[in-house]
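# Structural description and commentary
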Amino acid sequence: MSNEKQYPMTLDGKAKLEEELEFLKTVKRKEVVERIKIARSFGDLSENSEYDSAKEEQGFVEGRISTIESMLRNALIISDEQNDDTELLVSLGRTVTFDVLEDGEPEGEPESYKIVGSAEADPAEGRISNDSPMAKALMGHKVSDKVKLTTPGGDMEVVILEIK
């Protein structure tokens, strides 16, 4: 199906999804089935909160399995390789380091983020989605460029220090 959404991801991100899928299929699924089996043994299912909880978890696990399978089926692998013949631009798979500008001068607290597909985004780990407003603003720029970013905390201007 060519209409399905593609999921950009690094090889590392794909491996993590494959690992999660394997865990859900081999461990979590069995745990949930066992919880349902135990809850059924309690008798009347109409007022059985353990049964309801286990069935709800089963729905979540099966939904997550389906989502991961779709993501892996439609994965678009991002190469981390750099081409030394061209000037590096901020793009998917690259790590960008920038500094916030205060009154036109660098603040001195550089931040680095790797731009990844939404499937492997984790801002706390320095991995932002290519769909995020910050990544969209940074993409296509080069070292020394000044870029205006819109964040939940307000607008700010940054200067790109490094791209790798």
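Just so it is clear, the model here is predicted, and its values are computed rather than measured.

Pairing of strand S3 (residues 95-102) with strand S5 (residues 111-116) involves 4 bridges; the strand directions are antiparallel. Looking across to S5, one finds that Thr97 is bridged to Ser112. Judged from the 3 bridges that link them, S5 and strand S6 (residues 127-129) form a sheet pairing that is parallel. Bridge pairing in S6 links Val116 to Ser129.

Here we take up the packing of helix H1 (residues 11-40) against helix H2 (residues 49-73). Two elements in contact, H1 and H2, have axes separated by 9 Å at closest approach and are oriented at 160°. Our classification of the angle between H1 and H2 gives roughly antiparallel. At the point where H1 passes H2, the crossing takes the left-handed sense.

Looking now at the pattern of salt bridges. Tallied over the entire structure, the rule returns 10 salt bridges. Of the charged contacts, one joins Glu18 and Lys14 as a salt bridge, the two residues approaching to 3.8 Å between their closest N and O atoms. Of this pair, Glu18 and Lys14 are both found in helix H1, 4 residues apart, which corresponds to roughly one turn of the helix. Here Glu120 makes a salt bridge to Arg127, at a shortest N to O gap of 2.5 Å. Note on Glu120: relative accessible area 10%, which makes it buried. Within this structure, Lys28, Glu31, Arg35 and Glu57 form a network of salt bridges that share partners.

Using the criterion set out here, one finds 1 aromatic pair in the structure. Plain terms: the ring middles of Phe98 and Tyr113 are 5.9 Å apart, the flat faces sit at 25° to each other, and that makes the pair stacked. Highlighted residues: Phe98 in strand S3 and Tyr113 in strand S5, separated in sequence by 15 residues. Overall, Tyr113 belongs to the buried group, its relative accessible area being 16%.

For H1, spanning 30 residues, the distance from its first C-alpha to its last is 42 Å, which sits close to the expected 44 Å at 1.5 Å a residue. Along H1, the helix axis deviates most sharply at Leu24, where the bend reaches about 40°. Inspection of H1 places Gly13, Leu17, Leu21, Leu24, Val32, Ile36 and Ala39 among the buried residues, and these make up the whole buried set. For H1, the secondary structure elements touched by its buried residues are strand S1 (7-9) and H2.

Moving on, we get to H2. With 25 residues, H2 should cover 36 Å at 1.5 Å per step; its first-to-last C-alpha distance of 36 Å lies within 8% of that length. Of the residues making up H2, those classed as buried are Tyr51, Ala54, Glu57, Val61, Ile65, Ile68, Ser70, Met71 and Leu72. Next to the buried residues of H2 lie S1, H1 and strand S2 (75-77).

The subject of this paragraph is a negative patch on the surface. Side chains of Glu102, Asp103, Glu105, Glu107 and Glu109 sit close together on the surface and give a patch of like negative charge. Note on placement: Glu109 falls in the loop between strand S4 (105-106) and S5. By relative accessible area, Glu109 is classed as exposed at 55%.

Bridging between S3 and strand S8 (residues 154-163) involves 5 bridges; their strand directions are antiparallel. Bridge pairing links Val100 to Val158 in S8. With 6 bridges connecting them, strand S7 (residues 146-151) and S8 associate as antiparallel partners. Paired with Val147 across the strands is Val158, a residue of S8. Linking two consecutive strands that pair antiparallel, namely S7 and S8, is a turn of 2 residues.

Cut-offs and rules
- Residues numbered from 1 in each chain as written.
- Predicted model: local features only at pLDDT ≥ 70, side-chain atom pairs only at ≥ 80, totals over all residues.
- Heavy atoms only, no water.
- Pairing = 2+ DSSP bridges.
- Helix = DSSP H or I, 4+ residues; strand = E, 2+ residues; numbered from the N terminus.
- Axes fitted to C-alpha atoms, helices over the stretch in contact; angles between N-to-C directions.
- Parallel < 35°, antiparallel > 145°, perpendicular 65-115°, else oblique.
- Left-handed = near helix turned anticlockwise from the far one by under 90°.
- Salt bridge = Lys/Arg side-chain N within 4 Å of Asp/Glu carboxyl O.
- Buried < 20%, exposed > 50% of the residue type's maximum accessible area, 1.4 Å probe, protein only.
- Phe/Tyr/Trp six-rings, centres within 6.5 Å; stacked < 30°, edge-to-face > 60°.
- Expected span 1.5 Å × (residues − 1).
- Bend = angle between axes of the 7 residues up to and from the residue.
- Contact = heavy atoms within 4.5 Å.
- Patch = residues over 30% accessible without salt bridge, like charges linked within 9 Å, V, L, I, M, F, W, Y side chains within 5 Å.
- Areas by Shrake-Rupley, 256 points an atom, 1.4 Å probe, with all protein chains shown as cover.
- Lys, Arg positive; Asp, Glu negative; His and termini not counted.
- Charge placed at Lys NZ, Arg CZ, Asp CG, Glu CD.

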